[in-house]
Structure formats: C-alpha cells, structure tokens
Amino acid sequence: DWVWIKGRNTTLNHYLHDSVRGASQRLKSNVTQEETDQSTSFKSFDSDGFTITEVAGQEYNKNTQTYVAWNWKVGGSSSVNTDGTDIDSTGLFNTDLGMSIVTYTGTGSSGDSYGHGLDKAPELVLVKDRTDPANWAVYSVTTGLNGYLRLNDTNTKTDDSNIFPSVSATTIGVGTQGDGSIANTSGDSYVSYNFHSVDGYSKIGSYIGNSNANGTFVYTGFRPAWLMIKKTSATDNWAIHDSKRVDNGVNSNPIDDYLKPDTSDTEGDDGASVDFLSNGFKWRINSGMRNQSGQTYSYMAFAEQPTKYANAR
C-alpha cells in the first residue's frame, strides 16, 4: 500500500507511491514538488509486490543501477472517515498496526480537522500538498504542537502552532497560518501518513546523543529492520538505515549504509554506524546527523519480527 524507492548509487530523488492516491501517483520526499503521474514507469501494486517499467530518465529501472524499496501493507479497502470538523478524509486505516494513509481536501478555514482513523493519537504525521508545490509538514510527538519539521530539508523545528494546532485520538487539526498554509490551503488535495507506536512492531520516540563510538543505546522492544532519524535540537539531515543495505551481509551488524530523505544524495557508508539489537539500536559512530553529544533526535523504527521471536546478536 506504500512504497518508498531510492536509487542507491546515483543522485536520484526519493519516490513515494501509495494505493490511496493511486499506484502511479508520485511524490518526492526531498523536494516541494506537487504530485505527478508516472503511469508509464510505475505501473501497479500487485499481490506479491509492484511492477515497474522504464522510460526516459530511467528513474526506477536503469541497467546496473542499485535501488532500495521500503514497503508497507496497511490492508483493507479504502473508506471515508467523517470524524473531522468540516473535512472528510478517505483512505486506509489499520488500528492494529498503528498506521493509516488518508487523503483530504483543504478548506482554508481555521479550527478544521480531519480524521486519521486510528484508535489513539498519532505520534508521527507526514503531510504533503498534492496540488501545488509546498514543503512537507511533519508533526512529531517529541517536538509537540508548537512547531513542525519538514521532511524535505535540514531545518530544526519551525515554531508555528498553526500548522498542527491539535492531534487527538480521532482527528488531526490543520490551521491556515504560517508557511503558506502547507496543510490546509482551500481546494488543495493532501495526503497524510499517520503512525503511532505498537508494542513489538513499531516505536516512535527520542534520544540524546553522546558523540561516542560506544554510543547511545535506544530501547525499542524489538530488533529494528528500518530506522529513520532527525535531529530536532539543531539543523541537520534526516537519515534512514535498514537491515538489508549492509556491506557485510543482510541482517549483520554493524549497519553501515544510510540514505537521507531530504536530499537526492547517493548512499552514504560510515563503515560502522549502528547496531540493530534484539531490543533496540546502539550507535557506533560520532555523527552530528545521528549521535552528537547533548543533541536531541526523533526517530521511528519498525521491527524485523515481534520481540518474542527476536534473535540477539
């Protein structure tokens, strides 16, 4: 239901597709560009994966190019949620997984909200204007309602309580002020990816770095398969690590390769960045982007498998 693709050894954008907007509709995490149709290259979501071809530009399937694809299955059929104030949302909602993908149309009015379809308040929300160029608006429970992050740049939290004035167990409020009203422009179409932690499956939280190769340990309750980090106390890039892009073998520590969602940069390789452990992750590098002493970081992690089946390393 959600596929995030990035070329690893070339400067390609990050491409995001989901089944709610339609498989061929593309957004890019690292730029402000509006949604575009890629029906000639990204063809479909299938029962066992997805289908791509290639056209001029060779963004998905260039000969000898290496790629990564991160994939989420939400499940169910698309439905309408009417919990919001003056804004109905449409999408997929999975309360067991703590994840929903919804679309909505902005009203341009203050005090409005849309339903996210989960059974508790989301801890991370990624919103993107599909109609016009605009920054990504990111709500994180670790930074709170008085500001927001932008997935497409390095900025620390922007102080503006108008973008996400409220986040509750049923709805997400969207304001009309600040940054061009990036979450509620009248008549514009938006997509919202919404998450909360689920024991043994996902974890959203924060930690403080220590600038040490014997680095900060962060407890998640499971062995991660995918990890996204953003420094929130100062300006820096976002970063994604996973258990498959590893020089010394899949699921092997240390996890060394990383990609930055806010840039089109090629894959970075620190040699030894982080260990994915049976109950969390531990930094093995002095890195401003991920483990700087005294700096605060937000993260979202997904499990390789439930904790009771995890194998310690």
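As a reminder, the structure under discussion sits directly above these lines.
Note that the structure is predicted; figures quoted are calculated from it, not measured.

Chemist: What is the right way to look at the layout of surface pockets in this model?
Modeler: Over the atoms a probe the size of a water molecule is rolled, and this reveals where empty space is left. The space that makes up the largest pocket amounts to roughly 270 Å³. Looking at the largest pocket, it is lined by 15 residues, and the ones nearest its centre are Trp70, Asn71, Ala225, Trp226 and Phe302. For the lining of the largest pocket, the secondary-structure elements that each account for two or more residues are β7 (67-72), β20 (224-231) and β25 (296-303). Among the residues forming the lining of the largest pocket, the class breakdown is nine nonpolar, two polar and four charged. Reported here for the second largest pocket is a volume of approximately 210 Å³. The wall of the second largest pocket is formed by 13 residues, among which Asp1, Phe45, Asp46, Gly49 and Lys73 lie closest to the centre.

Chemist: Could you clarify how one ought to interpret the pattern of salt bridges in this entry?
Modeler: Side chains that differ in sign of charge can pair as their charged atoms come close. Enumeration according to the criterion identifies 15 salt bridges in this entry. Arg26 is paired through a salt bridge with Glu59; the nearest N and O atoms lie 3.0 Å apart. Of this pair, Arg26 sits in strand β3 (residues 22-28) while Glu59 sits in the loop between β6 (49-52) and β7, placing them 33 residues apart in sequence. Glu59 carries the same exposure label as Arg26, and that label is buried. Through salt bridges with shared partners, a single network forms among Arg8, Asp242, Arg245, Asp257 and Glu267.

Chemist: What exactly am I supposed to notice about the side chain of Asn237 here?
Modeler: Mapping Asn237 onto the fold places it in the loop between β20 and β21 (238-242). Judged by its relative accessible area of 16%, Asn237 is buried. Among the polar contacts made by the side chain of Asn237, one reaches the side chain of Asp262 at a distance of 2.6 Å. Not counting the four nearest positions on each side in its chain, Asn237 is found in contact with Thr154, Ile229, Lys230, Lys260, Asp262, Thr263 and Met289.

Chemist: Would you mind showing me how to read the sheet that holds β25 here?
Modeler: Adjacent strands of a sheet pair through backbone hydrogen bonds, lying either parallel or antiparallel. Ordered in space as β18-β25-β20-β21, the four strands form an open sheet in which the pairing is antiparallel. Where the open sheet ends on each side, the last strands, each with one partner, are β18 (202-208) and β21. In this sheet, neighbouring strand axes are inclined to one another by 20° on average, regardless of whether the strands run parallel or antiparallel. Here β18 runs beside β25; their pairing, made up of seven bridges, is antiparallel. Across the sheet, the residue bridging to Tyr207 is Tyr297, located in β25.

Calculation criteria
Residues numbered from 1 in each chain as written. Predicted model: local features only at pLDDT ≥ 70, side-chain atom pairs only at ≥ 80, totals over all residues. Heavy atoms only, no water. 1 Å grid on protein atoms, 1.4 Å probe; cavity = no way out; pocket = protein on both sides within 12 Å on 5 of 7 lines; lining within 4 Å. Points joined across faces, edges and corners; volume = space filled by probe spheres on them. Helix = DSSP H or I, 4+ residues; strand = E, 2+ residues; numbered from the N terminus. Nonpolar A, V, L, I, M, F, W, Y, C, P; charged D, E, K, R; others polar. Salt bridge = Lys/Arg side-chain N within 4 Å of Asp/Glu carboxyl O. Buried < 20%, exposed > 50% of the residue type's maximum accessible area, 1.4 Å probe, protein only. Polar contact = N/O pair within 3.5 Å; in protein donor to acceptor, adjacent residues only side chain to side chain. Contact = heavy atoms within 4.5 Å. Pairing = 2+ DSSP bridges. Axes fitted to C-alpha atoms, helices over the stretch in contact; angles between N-to-C directions.

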